[in-house]
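Residue strings, one per chain:
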Amino acid sequence: MSNYIVLVKQVPDITQITDNAFDPETGTLIRTRLANVINELDAQALAFANRMKQDSDDKDGKIIALTMGPPMAEEVLRYSLSRCADMAVLLTDRMLGGADTVATANPLAYAVRKIVKEILNGDNDYYLVSGMQSVDGDTAQVPPQIAEELGLGCIAYATAAEFRNGRFEFTRIISGGSQVVAAGKLPVVITVAKYDYPLFATFAATRRANRMQIINWNSADIKAAHIGVKGSKTSVIRVFPPGKSARKCERISNPESLAKLIIENFKKQSSQTRNGDDARTNGYILPNRRADKFDRSFESTKKENDDFAFLADKLRKSGVSEISRMDENVRKTILAEASKRFHKKALEDMLNGLRATEPSFDGEVWVVAEHNDGAIHPATFELIGKSRQLADSLETKVGVCLAGLNVKPMAKELIAAGADNIYIIEDKLLGEFDPGAYRKVIADCIGAHWPQIVLFAATPRGRTLAPMVSYRLGCGLTADCTALDIRDRSRKGQIAILLQTRPALGGNVMATICTKNSRSQMATARPGVMKKLPPDDSRTGKVISHKVQLCDDDVSLQILKTELGSGEVNFGAEVIVSGGKGMQNRNNYERLVGSLCTAIGNRLGTQVERGASRAAVEQGFIERIHQVGQTGTAVGPKLYLALGISGAIQHMIGIANADTIVAVNSDPNAPIFKQCDYYIIGTVEETVPQLVAALTIKE
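Rules behind the numbers
- Residues numbered from 1 in each chain as written.
- Predicted model: local features only at pLDDT ≥ 70, side-chain atom pairs only at ≥ 80, totals over all residues.
- Heavy atoms only, no water.
- Pairing = 2+ DSSP bridges.
- Helix = DSSP H or I, 4+ residues; strand = E, 2+ residues; numbered from the N terminus.
- Axes fitted to C-alpha atoms, helices over the stretch in contact; angles between N-to-C directions.
- Core = buried A, V, L, I, M, F, W, Y, C linked by side-chain atoms within 4.5 Å.
- Buried < 20%, exposed > 50% of the residue type's maximum accessible area, 1.4 Å probe, protein only.
- Contact = heavy atoms within 4.5 Å.
- Parallel < 35°, antiparallel > 145°, perpendicular 65-115°, else oblique.
- Expected span 1.5 Å × (residues − 1).
- Phe/Tyr/Trp six-rings, centres within 6.5 Å; stacked < 30°, edge-to-face > 60°.
- Lys NZ or Arg CZ within 6 Å of the ring centre and 35° of its normal.
- Disulfide = S-S within 2.5 Å.

So, on to the sheet that holds strand E17 (residues 398-404). Read from one edge of the open sheet, 7 strands run E20-E24-E19-E14-E17-E18-E25, paired in parallel fashion. Unpaired on one side and paired on the other, strand E20 (477-481) and strand E25 (542-545) mark the two borders of the sheet. Neighbour-to-neighbour, the strand axes of the sheet open up by a mean angle of 25°, direction not taken into account. Two elements, strand E18 (residues 421-426) and E25, share 4 bridges in a ladder whose sense is parallel.

Looking now at the nonpolar core. In terms of nonpolar packing, the biggest core is built from 39 residues, with Val400, Leu402, Leu414, Ile422, Ile453 and Ile486 touching the most fellow members. Of all the elements, helix H12 (residues 378-394) adds the most residues to this core, at 7 residues. Excluding residues within four positions of it along the chain, leucine 414 makes contact with Ile376, Thr380, Phe381, Ile384, Val400, Leu402, Ala419 and Ile422.

The next point concerns the packing of helix H9 (residues 302-317) against helix H11 (residues 344-355). Here H9 crosses H11 at 80°, and the two axes come no closer than 11 Å. What the angle tells us is that H9 and H11 run roughly perpendicular. Each of Asp307, Phe308, Leu311 and Leu315 in H9 lies in contact with H11, whose residues at this interface are Leu347, Met350, Leu351 and Leu354.

The next point concerns H12. Between the first and last C-alpha of H12 there are 25 Å, a value that for 17 residues agrees with the 24 Å anticipated at 1.5 Å per step. Positive backbone phi, approximately 55°, marks glutamate 395, located one or two places after H12.

Now for helix H4 (residues 142-150). Across the 9 residues of H4, 9 count as buried, placing the element largely inside the fold. Three or more residues of H4 are buried, namely Val142, Pro143, Pro144, Gln145, Ile146, Ala147, Glu148, Glu149 and Leu150. Positive backbone phi, at 70°, marks glycine 151, one or two positions downstream of H4.

This part covers the sheet that holds strand E21 (residues 483-489). In space, the 4 strands of this open sheet follow the order E12-E23-E22-E21, with antiparallel pairing throughout. Here the strands that pair on one side only, and so sit at the sheet edges, are strand E12 (234-240) and E21. The sheet shows a mean angle of 30° between the axes of neighbouring strands, direction not considered. Looking at chain direction, E12 and strand E23 (residues 509-515) are connected through 6 bridges and run antiparallel. Residue pairing in the sheet places arginine 238 in a bridge with threonine 512 of E23.

Turning to the packing of aromatic side chains, a few remarks are in order. Inspection of every chain in the model, using the stated rule, returns 12 aromatic pairs. Here the aromatic rings of phenylalanine 673 and tyrosine 679 are separated by 4.2 Å at their centres, their planes lie at 20°, and the arrangement is stacked. Judged on exposure class, the residue phenylalanine 673 and its partner tyrosine 679 are both buried. Counting every residue linked through ring pairs, the aromatic cluster contains Tyr4, Tyr127, Phe163, Phe168 and Phe170. Sitting over the face of the ring of tyrosine 110, arginine 113 holds its NZ or CZ atom 4.9 Å from the ring centroid. Looking at lysine 114, its charged tip hangs above the ring of tryptophan 217, at a distance of 5.1 Å from the centre.

Glancing now at the environment of isoleucine 190. Secondary-structure assignment places isoleucine 190 in strand E10 (residues 188-192). Remark: the alpha-carbon pair of isoleucine 190 and tyrosine 127, spanning 63 residues in sequence, is separated by 7.1 Å. Setting aside its immediate chain neighbours within four residues, isoleucine 190 contacts Phe48, Tyr127, Leu128, Val129, Ser130, Ile155, Ala158 and Phe170.

With that settled, consider the state of the cysteines. Here a disulfide denotes a covalent bond joining the sulfur atom of one cysteine to the sulfur atom of another. Tallying each qualifying case throughout the model produces 0 disulfides. In this structure cysteine 249 is not part of a disulfide, and its nearest cysteine sulfur, from cysteine 676, lies 5.7 Å away. The class of cysteine 249 is partly exposed, set by a relative accessible area of 27%. This cysteine, cysteine 445, is not joined by any disulfide, and cysteine 401 carries the nearest cysteine sulfur, 4.1 Å off. Exposure remark for cysteine 445: the relative accessible area of 0% places this residue in the buried category.

This is the structure we're talking about:
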């Protein structure tokens, strides 16, 4: 008999976000102005666990819903009880507030231990099921970190489960394909990426749920090690609305006009990146390398830069060349002239900040390489390019951690991409990616050398591995970064730290985050956002072997089948035409996407490639190798056409670097219309043939 502990979370309804939901001065979300709902992927996880229980015929097995939040989070537990949960546990305490993912995962893991001990009577035959991520955080870090705290395997990005021969076999998304796996042993953590069979509450079940008692625990009940702000490993420096979209979001009335715009735009495209970590140079200079010892022009915020510039000017005018020689009269003069700019405590903090010149971290800048079938993932090269920029500012080297079987030949390509040192970990148990084995060897290698920065690609693999490695090493981690910069927080005594900027709340806000209480600063970065360097085969570097003892117990999963997209795809093409679920069937996809690819290729004289959304791939319209998006491939063509694609955040992440985005969708409220340049409201069956005809007409 198996039991099921399902993590659920109450989140703000981001579909209802309007301008007045944000504080105009701070840019922070005013959560009281939004309705609260169950996180959609957690609702799917609840249904997923219920189906597992039914398929395995576990009539005596319990489904226990667990959440952490304020007392009002009881609502999400009532929701769970009205669907399928047998019991519910609310972990609530003011001390738990303000937590990052570490200080969220840790108390939840301790609560799971308490559930197993007191409710399941020590029975370890259970599955811990959760949505892949929550819409308010979008990090996907908490479930893998819970797995690390509990010492469990983690099957991430699950889409299906089948009970065969007395065990479950899970289908999960991997980079470029899918995989069927089984847990090496129980318990195990399952994160659900998609499950299309929702649960509905009956009137009787709702009444029963409202009468049921919810178990309430506080921080004293679980005695967790990392709680709230104090237990967090990262700190939010700034939250702000994203900049206004550079997309035109222009509705076009007919296919003929759209054809003309496509031709005109393609001819004048300069292929400059619109979003993310653009071509600007970091430009950071270490304090002891600056011409002026009072120069603090690399602070984390504009206000700090302005305040330090004001202070430096006053110090120079007062004839102060050394902070140690500053007297009380100068202090009083500066404070009088500063007026409302800053007060006495802030002045003392700034003066102390001017004394700080040594970097807060030391060591190399590392990238954890991702590879498959002897080929390095393109995102690894992008991260090496960014690491080169960061390392040059910090006057240090770029290292790459490369784990696997027979991977040493890849070192030359990584050095040519900009790396200085390649740290190789080879073992027969690393032949296929297993989170349990890989987290052990990579954490061991990092712990042996302690780089100051470690970057992972925000791929399905990286978003599973990075949280486990960072948690094991006691380091903070920021997910899905779109910008990475070296800056100072001199008033805090932090010099040359990594500022990590990422979108949250479905892209409705941006947050800049820094690491605290950690030996290394760690982040995952979105593929397709950073820029790789042109390969330089003349570069030289060192290959350093790192030995870690692995045994069969370190392998957490049994990999039963792996399916990667077959054939060849050229996502470097200047034009990509993608179809989504709105294509309805494979015949429509092949006919409509194919004809448009041919028409554009002939008219513009360029290469055109086919793409697809995840939904289209899962419907069988085209092979997975053509999937575009967060769980597929990030692309950056001159022209991207989205046919019947709604514009889910996971897809839009993958096309953010396209110069021009054109959308065709029959839903007037499709999210993609707010994130594209030109769009037509209409069915693909009617619009695409007319667009093909317009492109075929000779002028």
